[in-house]
Amino acid sequence: MGGSGEGARFDDALFGEDLLPRPRRELAPGAVWVPGFLTPTQQAWLVDRFHEWAAGPVPPRSAKIRGHEMSVETVCLGWHWRPYAYSRDAVDVNGNAVLDMPDWMIRLGRSAIEAAYGEQASTSEETPHLEGDYTPDTALVNFYDDAARMGMHQDRDERSRAPVVSLSIGDSCTFRFGNTQTRTKPYEDIVLESGDLFVFGGPSRMAFHAVPAVHPGTAPAGVGLESGRLNITLRETGLEG
């Protein structure tokens, strides 16, 4: 029996799609999406840290790839990333040393790996086979405004092939996760919302991925970011020094 009018609209408000559970999901072996990993309080705290990092010795900047400036602004911790290389100093910005990687962020990375993989992190052939604890030594903190995009690419500048941990705060985005061989199909588009975790390692570590769209006005209240999207990615560089 159907409904219409005011009753149907009331039902939609009570039982809309936004209230449906979003379970943990594995898109491909080693690529795991964990919706709602961060609480609103944790998100707001991380946004406050981002403002501190942005006011630090190396400001956010848009990196240039083959002479073209990216639309995303990035600030780094631990190691400074520039296309195809890492260094301790921001040689393409102002020459200053980047801030250290905080211990609490390493713990956050480990809790993310546990949420994504559980016991499989060190026991399953289908997931990363981590050697010891996950110890990310760099964080790339990307800010997307309404117009920012990121094309299909691989995270291949690290010597280590430990998983990449990605955390989303603020506006939702369309996240495109592809295959390890080509930038073209097959790929799948999902919507990452504020607080979501995405981890890719093992067979999916070198998968192409992209952010073709940010969805303005979708940031929930109370997360500290009224507009735009903050994306924190944790990685093991495999570098020394």
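Nothing here was measured: the structure is a model prediction, and the numbers come from that model.

Undergrad: How should the environment of Q181 be read in this particular structure?
TA: With respect to the helices and strands, Q181 occurs in the loop between β11 (172-177) and β12 (188-192). A residue is classified by how much of its surface remains accessible, and Q181, at 68% relative accessible area, is exposed. Q181 sits 27 residues away from F208 along the chain, and the two C-alpha atoms are 7.9 Å apart.

Undergrad: Please clarify how empty space enclosed by the protein should be interpreted in this entry.
TA: Over the atoms rolls a probe the size of a water molecule, and in doing so it shows where empty space is left. What the rule picks out here adds up to one cavity of 30 Å³ or more. It is strand β5 (residues 73-77) that contributes the most residues to the lining of the largest cavity, three residues altogether.

Undergrad: Hey, could you run me through the sheet that holds β5 in this one?
TA: Sheet strands pair by backbone hydrogen bonding; their relative direction is either parallel or antiparallel. In space, the seven strands of this open sheet follow the order β1-β2-β13-β10-β15-β8-β5, with antiparallel pairing throughout. Looking at the sheet topology across the chains shown, the edges are occupied by β1 (25-28) and β5. Between one strand axis and the next, the sheet turns by 20 degrees as a mean value, whatever way the strands run. Strand direction decides the pairing type here: strand β2 (residues 31-34) and strand β13 (residues 197-200), joined by four bridges, are antiparallel. Across the sheet, the residue bridging to V32 is V199, located in β13. Against the sheet, helix α2 (residues 40-54) contacts β5, β8 (138-144), β10 (164-170) and β15 (229-235), and its axis sits at roughly 100 degrees relative to β10.

Undergrad: Could you clarify how one ought to interpret the side chain of H209 in this entry?
TA: Looking at the element boundaries, H209 is found in strand β14 (residues 209-215). In terms of polar contacts, H209 uses its side chain to reach the backbone carbonyl oxygen of A207, at 3.1 Å. Excluding residues within four positions of it along the chain, H209 makes contact with G151, M152, H153, Q154, D155, F175, R176, F177 and F200.

Undergrad: Is there a simple way to explain the packing of aromatic side chains in this structure?
TA: Any aromatic ring pair is given by two values, namely how distant the centres are and how the planes are angled relative to each other. Enumeration according to the criterion identifies eight aromatic pairs in this entry. Sitting over the ring of W79, R88 keeps its end group 3.7 Å from the ring centre.

Undergrad: Looking at this model, I keep getting lost on the pattern of salt bridges. Mind explaining?
TA: Enumeration over the complete set of coordinates arrives at nine salt bridges. Measuring nitrogen to oxygen at the nearest pair gives 3.3 Å for the salt bridge that ties D92 to R61. With a gap of 31 residues between them, D92 in the loop between β7 (85-87) and α3 (103-117) and R61 in the loop between α2 and β3 (64-65) connect regions that are remote in the sequence. Owing to a relative accessible area of 37%, D92 belongs among the partly exposed residues under this scheme.

Undergrad: Quick question: what am I supposed to make of the layout of surface pockets here?
TA: The computed volume of the largest pocket comes to approximately 740 Å³. Contributing to the lining of the largest pocket are 34 residues, with I65, M150, G151, H153 and Q154 lying nearest its centre. When the residues that make up the lining of the largest pocket are grouped by side-chain class, the tally is 15 nonpolar, ten polar and nine charged.

Undergrad: Could you clarify how one ought to interpret the environment of T237 in this entry?
TA: Its place among the elements puts T237 in the segment after β15. Expressed as a C-alpha distance, the spacing of T237 and A139, which sit 98 residues apart in the sequence, is 10.0 Å. Once residues within four sequence positions are removed from consideration, T237 is found in contact with W79, Y86, D137, T138, E158, R159 and S160. A polar atom in the side chain of T237 sits 2.7 Å from the side chain of D137.

Undergrad: Please explain a negative patch on the surface as it appears in this structure.
TA: Together, E69, E73, D145 and D146 give the surface a local cluster of negative charge. Within the element layout of this structure, E73 appears in strand β5. Looking at E73, the relative accessible area reads 36%, which means it is partly exposed.

Undergrad: What exactly am I supposed to notice about the nonpolar core here?
TA: Ranked by size, the top nonpolar core spans 32 residues in total, and within it F37, M105, V141, V165, L167, L197 and L234 carry the most contacts. Within the residue set of this core, elements represented by two or more residues are β2, α2, β5, α3, β8, β10, β13 and β15. In terms of residue count, α3 provides more of this core than any other element does, seven residues in total. If we ignore the near neighbours within four places in the chain, the residues touching L234 are M101, M105, G109, Y134, P136, T138, A139, P163, V164 and V165.

Reading the values: the criteria
- Residues numbered from 1 in each chain as written.
- Predicted model: local features only at pLDDT ≥ 70, side-chain atom pairs only at ≥ 80, totals over all residues.
- Heavy atoms only, no water.
- Helix = DSSP H or I, 4+ residues; strand = E, 2+ residues; numbered from the N terminus.
- Buried < 20%, exposed > 50% of the residue type's maximum accessible area, 1.4 Å probe, protein only.
- 1 Å grid on protein atoms, 1.4 Å probe; cavity = no way out; pocket = protein on both sides within 12 Å on 5 of 7 lines; lining within 4 Å.
- Points joined across faces, edges and corners; volume = space filled by probe spheres on them.
- Pairing = 2+ DSSP bridges.
- Axes fitted to C-alpha atoms, helices over the stretch in contact; angles between N-to-C directions.
- Contact = heavy atoms within 4.5 Å.
- Polar contact = N/O pair within 3.5 Å; in protein donor to acceptor, adjacent residues only side chain to side chain.
- Phe/Tyr/Trp six-rings, centres within 6.5 Å; stacked < 30°, edge-to-face > 60°.
- Lys NZ or Arg CZ within 6 Å of the ring centre and 35° of its normal.
- Salt bridge = Lys/Arg side-chain N within 4 Å of Asp/Glu carboxyl O.
- Nonpolar A, V, L, I, M, F, W, Y, C, P; charged D, E, K, R; others polar.
- Patch = residues over 30% accessible without salt bridge, like charges linked within 9 Å, V, L, I, M, F, W, Y side chains within 5 Å.
- Areas by Shrake-Rupley, 256 points an atom, 1.4 Å probe, with all protein chains shown as cover.
- Lys, Arg positive; Asp, Glu negative; His and termini not counted.
- Charge placed at Lys NZ, Arg CZ, Asp CG, Glu CD.
- Core = buried A, V, L, I, M, F, W, Y, C linked by side-chain atoms within 4.5 Å.

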